[in-house]
Amino acid sequence: GFLPVIVGTWLAAEKASVQYRIPEELGSIWFSLAFGAVSCAAIITIAVILINRYHRMLVRAATRDHVTGAYNRQAFESAAAEAFSTAIRAGQPLSVVLFDVDDFKRYNDCHGHNAGDAALREVARVAARVVRQTDLGCRRGGDAFVLLLPACSARDAARIAGSLATVVQAADPGAAGMPAHISISTGVAELLETDRVSDLIARADAAMYNNRRAARGA
């Protein structure tokens, strides 16, 4: 957008230099044009940097949960739709791990919402550390989270879920500003060819509650 301005300025300067003598103390016209070009380039560079930074902020606001920093439900559904198509087309497994914090309402009632938010952030941090780089961890809402695991069978997903539960329960609560230990319940489901996202989540949800009931009955 600045190129016509630079060219026009140069032509005008050339014409003016023929008709009028430029005082020597003002310097060469070429130096002036070079300074103008550098200034324009600097302005364009700064504008591009600011636009890119603002765009990243908008993308983060649209795809990330503001409490935990994990991806939000909208981002999960978008990623899951693409991952489903890829898995079915390539004949690869795909699994999800659904988990939530045990007795989270009571935890909030006892320790306050700030402590509850700290607990959720800790869970999200641990989940991000346990999963692979190709996996996606999301907060579905409340104290419910889901992991999207491409190219992962139910057996491998169960191992990831077990590792996650172990690390969460072994985590130092003081490191996250929490007054007490927390625990999670997990459920795993593997993609079937006829599944929709809601079908896969429903099976993982049922498995999670079955696992929780079994643990409490043990």
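Just so it is clear, the structure is predicted and the values come from calculations on it, not from any experiment. (Residues numbered from 1 in each chain as written. Predicted model: local features only at pLDDT ≥ 70, side-chain atom pairs only at ≥ 80, totals over all residues. Heavy atoms only, no water.)

### Some thoughts on the overall build of the protein chain
Put simply, the test is: Every helix listed is a DSSP run of H or I at least four residues long, and every strand listed is a run of E at least two residues long, numbered separately from the N terminus. Between buried and exposed lies partly exposed: a residue is buried under 20% and exposed over 50% of the maximum accessible area for its type, with that area taken using a 1.4 Å probe on protein chains only. For this analysis, residues touch if any pair of their heavy atoms sits within 4.5 Å.
When its secondary structure is counted, the protein chain shows seven helices and four strands. Helices (α) and strands (β) of the protein chain occur, in sequence order from the N terminus, as α-α-α-β-α-α-β-β-α-β-α. For the protein chain, the proportion of its 218 residues judged to be buried stands at 33%. Look at the contacts in the protein chain between residues 6 or more apart in sequence, and 66% of them connect residues 24 or more apart.

### Some remarks on the packing of aromatic side chains
What characterises a pair of aromatic rings is the spacing of the ring centres plus the angle enclosed by the ring planes. This is how it is decided: Note on aromatic contacts: the rings of Phe and Tyr and the six-membered ring of Trp form a pair at centre separations within 6.5 Å, being stacked when their planes are under 30 degrees apart, edge-to-face when over 60 apart, and tilted otherwise. In our convention, an over-ring charge means Lys NZ or Arg CZ found within 6 Å of a ring centre and within 35 degrees of that ring's normal.
For the structure on display, the rule yields two aromatic pairs. Judged by centre distance (5.3 Å) and plane angle (5°), the ring pair of Phe99 and Phe145 falls under stacked. One end of the pair, Phe99, is in strand 1 (residues 94–101); the other, Phe145, is in strand 3 (residues 144–150), with 46 residues separating them in the sequence. Look at Phe104 and Tyr107: their rings are 6.5 Å apart centre to centre, the planes differ by 10°, and that puts the pair in the stacked class. Of this pair, Phe104 and Tyr107 both sit in helix 4 (residues 104–111), three residues apart, roughly one helical turn. Neither Phe104 nor Tyr107 differs from the other in exposure class; each is buried. The lysine or arginine in question, Arg64, covers the ring of Tyr71, its NZ or CZ lying 3.8 Å from the ring centre.

### Side note on the nonpolar core
The line we're drawing: Among buried residues, those of type Ala, Val, Leu, Ile, Met, Phe, Trp, Tyr and Cys that are joined through side-chain atoms within 4.5 Å constitute a nonpolar core.
Ranked by internal contacts, the top residues of the largest apolar core, which has 26 residues, are Phe99, Val123, Leu147, Leu164 and Ile184. Contributing elements (two or more residues each) for this core: strand 1, helix 4, helix 5 (113–130), strand 3 and helix 6 (154–170). At seven residues, the largest contribution of residues to this core is made by helix 5. The contact partners of Leu164, leaving out residues within four places of it in the chain, are Phe99, Val126, Ala127, Val130, Leu147 and Ile184.

### Some thoughts on the pattern of salt bridges
Using the following cut-off: By salt bridge we mean one thing: a side-chain nitrogen of Lys or Arg within 4 Å of a carboxyl oxygen of Asp or Glu.
All chains considered together, the criterion is met by twelve salt bridges. A salt bridge links Asp109 to Lys105; the shortest N-O distance between them is 3.1 Å. In this pair, Asp109 and Lys105 are both assigned in helix 4, four residues apart and thus about one turn of the helix distant. Across the salt bridge formed by Arg196 and Asp199, the nearest N and O atoms sit 3.5 Å from each other. Residues joined by salt bridges that share partners form a network here, namely Asp100, Asp102 and Arg212.

### Regarding unusual backbone geometry
Phi is positive for Asp103, which is not a glycine, with a value near 50°. Mapped onto the elements, Asp103 comes out in the loop between strand 1 and helix 4. Note on Asp103: relative accessible area 37%, which makes it partly exposed. Non-glycine residue Ala151 carries a positive phi angle of around 50°.

### Details of helix 4
Quick note on the threshold: By construction, the arc corresponds to the directions joining the helix axis to the C-beta atoms.
Within helix 4, the full set of buried residues consists of Phe104, Tyr107 and Asn108. All buried residues of helix 4 fall inside an arc of 100° around its axis, so they share one side. For helix 4, the exposed residues set more than 90 degrees away from the buried face come down to Lys105, Arg106, Asp109 and Cys110. One or two positions beyond helix 4, positive phi appears at Gly112, with a value near 95°.

### Notes on helix 7 (residues 197–217)
In an α-helix there are 3.6 residues to a turn, and that puts residues three or four apart on one side. Applied cut-off: A helix is expected to span 1.5 Å for every residue after the first.
Between its first and last C-alpha atoms helix 7 spans 30 Å; for 21 residues at 1.5 Å apiece the expected length is 30 Å, and the two agree. Listed as buried for helix 7 are Leu200, Ile201, Ala204, Met208 and Arg212. Viewed end-on, helix 7 has its buried residues packed into an arc of 105°, placing them on one side of the element. Away from its buried face, by an angle of more than 90 degrees, helix 7 presents the exposed residues Arg213, Ala214 and Gly217. Looking at the buried side of helix 7, the elements it contacts are helix 3 (73–90), strand 1, strand 2 (136–141), strand 3 and strand 4 (184–190).

Without other data, these values stay purely geometric and don't point to any function.
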